[in-house]
Protein chains: 2
Amino acid sequence: MAEPALEGLIEALRRLPGVGQKSAQRMAFHLLQHDREGAQRIAHALTTAVNDIRHCERCHTFTEAAICRTCLDDTRDQRLLCVVETPADQAAMERTGSYRGLYFVLMGRLSPLDGIGVRDIGLQQLVSRAGDGSVDEVIVATSFTAEGEATAHVIAEALKLRGVKVTRLARGVPIGSELEYVDLGTIAHALVDRR
Amino acid sequence: MAEPALEGLIEALRRLPGVGQKSAQRMAFHLLQHDREGAQRIAHALTTAVNDIRHCERCHTFTEAAICRTCLDDTRDQRLLCVVETPADQAAMERTGSYRGLYFVLMGRLSPLDGIGVRDIGLQQLVSRAGDGSVDEVIVATSFTAEGEATAHVIAEALKLRGVKVTRLARGVPIGSELEYVDLGTIAHALVDRR
Ligand SMILES: [Zn+2]
Ligand SMILES: [Zn+2]
């Protein structure tokens, strides 16, 4: 297999996260053999997305306009700000139907080992926005992992200095789960946070 | 998340084999956030491959010319033909360094449930090529799965009608494996095919 176009495609597909040599090869063969229209569609979608998608000036999520629809929606509670790590987390929050405030999307989380610092998560923009008097409460909804917790801590400290009220999503036993199968750390937290 | 370019990209990435909604989302976010150059490279490689890659007129493998380099290599034994399912299988065969004949690549295997019949694997082309008197032996190296075995059977029957000698790769215990951990069917076959 010394066909440059094929080798080039396999090499390029390896840029996708979680895709190694074998998967890339399988993807290339599948597209070329069974789904050339799909290949063209992916190529077109990638080009369109790279050209059209940027970050919202207010909340940093992906958007095609300067400011995203959520930020422009004036039926939402402008005095409530929820901090999430990714647009996927934001989407999960929206699907609950229980939140009507605005968002700030970090587009990542602090990870010193990967070289991701406060500048990469836009901490300064978050602090100026939340600290300008227009926001009553910031709900920090970063994930409950070591990196997510560290990120939440840094954000909370920075916001408290500006006198902003900061809360965190409750940790506890997931709905529908039997206690027997829930990890002990979760149970311990649920006990401390009992209400 | 109602950004058409982002939704379109996630939807398109789901055309890749083994990629569901979650992976597609993760890939899209990763490319847009951390590797836009990679996204452009993938788009370009896909377009190039779709435009340039076709099937070799003789062996059906992927190639950029009408006839692939392997088929044009006159230092190879023209009287020996090895039938494999995919270019990846062909590449594995080449890496052994023990085969110097030519190939016929089925680009799949018989799978009635998936609607893949003898026409899709080019059986007729294989039979006319192997049966024209220029080939002494056809080594059927399809995989040792139910579908691969069925494919080998159909090929062998068709070629035998033309009086072509047909062989199959030996089944047996893989080099380096301890008998204890080899599956029983393999041991049974290795016993029958002992030499
Ligand atoms: Zn926004
Ligand atoms: Zn060829």
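About the cut-offs
Residues numbered from 1 in each chain as written. Chains lettered and ligands numbered in written order. Predicted model: local features only at pLDDT ≥ 70, side-chain atom pairs only at ≥ 80, totals over all residues. Heavy atoms only, no water. Core = buried A, V, L, I, M, F, W, Y, C linked by side-chain atoms within 4.5 Å. Buried < 20%, exposed > 50% of the residue type's maximum accessible area, 1.4 Å probe, protein only. Contact = heavy atoms within 4.5 Å. Donors = N, O, S within 2.8 Å, 3.2 Å for Na, K, Ca; no water. Tetrahedral: all angles 85-135°; square planar, octahedral: opposite > 155°, others 65-115°. UniProt positions renumbered as here; feature names shortened; annotations may be inferred. Helix = DSSP H or I, 4+ residues; strand = E, 2+ residues; numbered from the N terminus. Buried area = accessible area lost by both parts, 1.4 Å probe. Salt bridge = Lys/Arg side-chain N within 4 Å of Asp/Glu carboxyl O. Polar contact = N/O pair within 3.5 Å; in protein donor to acceptor, adjacent residues only side chain to side chain. Nonpolar A, V, L, I, M, F, W, Y, C, P; charged D, E, K, R; others polar. Axes fitted to C-alpha atoms, helices over the stretch in contact; angles between N-to-C directions. Least-squares fit on C-alpha atoms with pLDDT ≥ 70 in both. Pairing = 2+ DSSP bridges.

1. Overview of the nonpolar core
(1) Moving on: If you look at the biggest cluster of nonpolar residues, it comprises 68 residues, and the most contacted ones within it are A:Leu16 and B:Leu16.
(2) Moving on: For A:Leu16, the contacting residues outside a window of four places in its chain are A:Met27, B:Leu16, B:Met27, B:Leu31 and B:Ile42.
(3) Moving on: Formed by 21 residues, the second largest nonpolar core is a distinct cluster that contains B:Leu81, B:Phe104, B:Leu126 and B:Val166.

2. Regarding the coordination of the zinc ion (ligand 1)
Residue and element names in this part refer to chain A.
(1) Moving on: Those donors, Cys56 (SG), Cys59 (SG), Cys68 (SG) and Cys71 (SG), are the protein atoms that reach the zinc ion (ligand 1), and they lie 2.2 to 2.3 Å from it.
(2) Moving on: Classification of the site at the zinc ion (ligand 1) as tetrahedral follows from its four donor atoms and the range of 105 to 117° in their angles at the metal.
(3) Moving on: Of note, the zinc ion (ligand 1) draws all its donor residues from one chain, in the sequence arrangement C-x2-C-x8-C-x2-C.

3. Details of the coordination of the zinc ion (ligand 2)
Residues and elements named next belong to chain B.
(1) Moving on: Protein coordination at the zinc ion (ligand 2): the donors are Cys56 (SG), Cys59 (SG), Cys68 (SG) and Cys71 (SG), at 2.2 to 2.3 Å from the metal.
(2) Moving on: Around the zinc ion (ligand 2), the four donor atoms sit at angles spanning 106 to 116°, and that spread fits a shape best called tetrahedral.
(3) Moving on: Taking relative accessible area as the criterion, Cys56 reaches 1% and is therefore assigned buried.

4. A short note on the UniProt feature "zinc finger region: C4-type" (unreviewed entry) in chain A
(1) Moving on: Per the UniProt record, "zinc finger region: C4-type" (unreviewed entry) is found at residues 56–71 of chain A.
(2) Moving on: The span residues 56–71 of chain A is 19% helix and 12% strand, and its two end C-alpha atoms sit 8 Å from each other.

5. Describing the interface of chain B and chain A
(1) Moving on: At the interface, 50 residues of chain B touch 50 residues of chain A.
(2) Moving on: Here chain B packs against chain A, burying approximately 4,900 Å² in sum over the two surfaces, 66% of which is carbon and sulfur.
(3) Moving on: Per-residue buried area on chain B facing chain A is highest for B:Arg15, B:Leu46 and B:Phe62; these three make up 15% of the total on that side.
(4) Moving on: Summed over the shared surface of chain B and chain A, the result is four salt bridges.
(5) Moving on: A salt bridge links A:Glu37 to B:Arg15; its shortest N-O distance comes to 3.1 Å.
(6) Moving on: Counting across the interface, chain B meets chain A through 15 residue pairs in polar contact (both at pLDDT 80 or more).
(7) Moving on: Among the secondary structure elements, those contributing two or more residues to the side of chain B that touches chain A are α1 (4–13), α2 (21–34), α3 (36–52), β1 (54–55), β2 (62–63) and α5 (87–96) of chain B.
(8) Moving on: The element best represented in the side of chain B that touches chain A is α3(B), accounting for 15 residues.
(9) Moving on: Residues that form the side of chain B that touches chain A fall into these classes: 28 nonpolar, 10 polar and 12 charged.

6. Side note on the packing of helix α2 (residues 21–34) of chain A against helix α3 (residues 36–52) of chain A
Residue and element names in this part refer to chain A.
(1) Moving on: The contact between α2 and α3 brings their axes to 5 Å, and the two run at 115°. For the pair α2 and α3, contact is made by Leu31, Leu32 and His34 and by Arg36, Gly38, Ala39 and Ile42, respectively.
(2) Moving on: Looking at side-chain class alone, the contact of α2 with α3 contains four nonpolar, two polar and one charged residues.

7. Focus on the relation of the copies chain B and chain A
(1) Moving on: Structural alignment of chain B on chain A gives an RMSD of 0.1 Å, achieved by rotating through 180° and translating 0.0 Å along the axis. Read as a symmetry element, the transformation amounts to a two-fold axis. Taking C-alpha positions as reference, the residue of chain B nearest the rotation axis is B:Ala43, located at 2.0 Å.
(2) Moving on: Looking at chain B, 100% of its interface residues are interface residues in chain A too, so the copies touch through the same face.

8. So, the UniProt feature "domain: Toprim" (unreviewed entry) in chain A
(1) Moving on: Look at the UniProt record and you will see "domain: Toprim" (unreviewed entry) annotated at residues 79–174 of chain A.
(2) Moving on: Secondary structure over residues 79–174 of chain A splits into 35% helix and 20% strand, and the C-alpha atoms at its two ends are 28 Å apart.

9. With respect to the sheet that holds strand β3 (residues 77–84) of chain B
All names here are of chain B.
(1) Moving on: One open sheet accounts for four strands, arranged β4-β3-β5-β6; its pairing is parallel. Single-partner strands in this sheet number two, and they are β4 (101–105) and β6 (165–168). The average undirected angle you get between the axes of adjacent strands in this sheet is 30°.
(2) Moving on: Note: β3 against β4, five bridges, orientation parallel. Among the inter-strand pairings, Asp77 is bridged to a residue of β4, identified as Gly101.
(3) Moving on: Each of β3 and β4 is contacted by α5, which is oriented at about 160° to β4, the strand it contacts most.
(4) Moving on: Running at roughly 165° to β6, helix α7 (residues 146–161) makes contact with β3, β5 (137–140) and β6 of the sheet.

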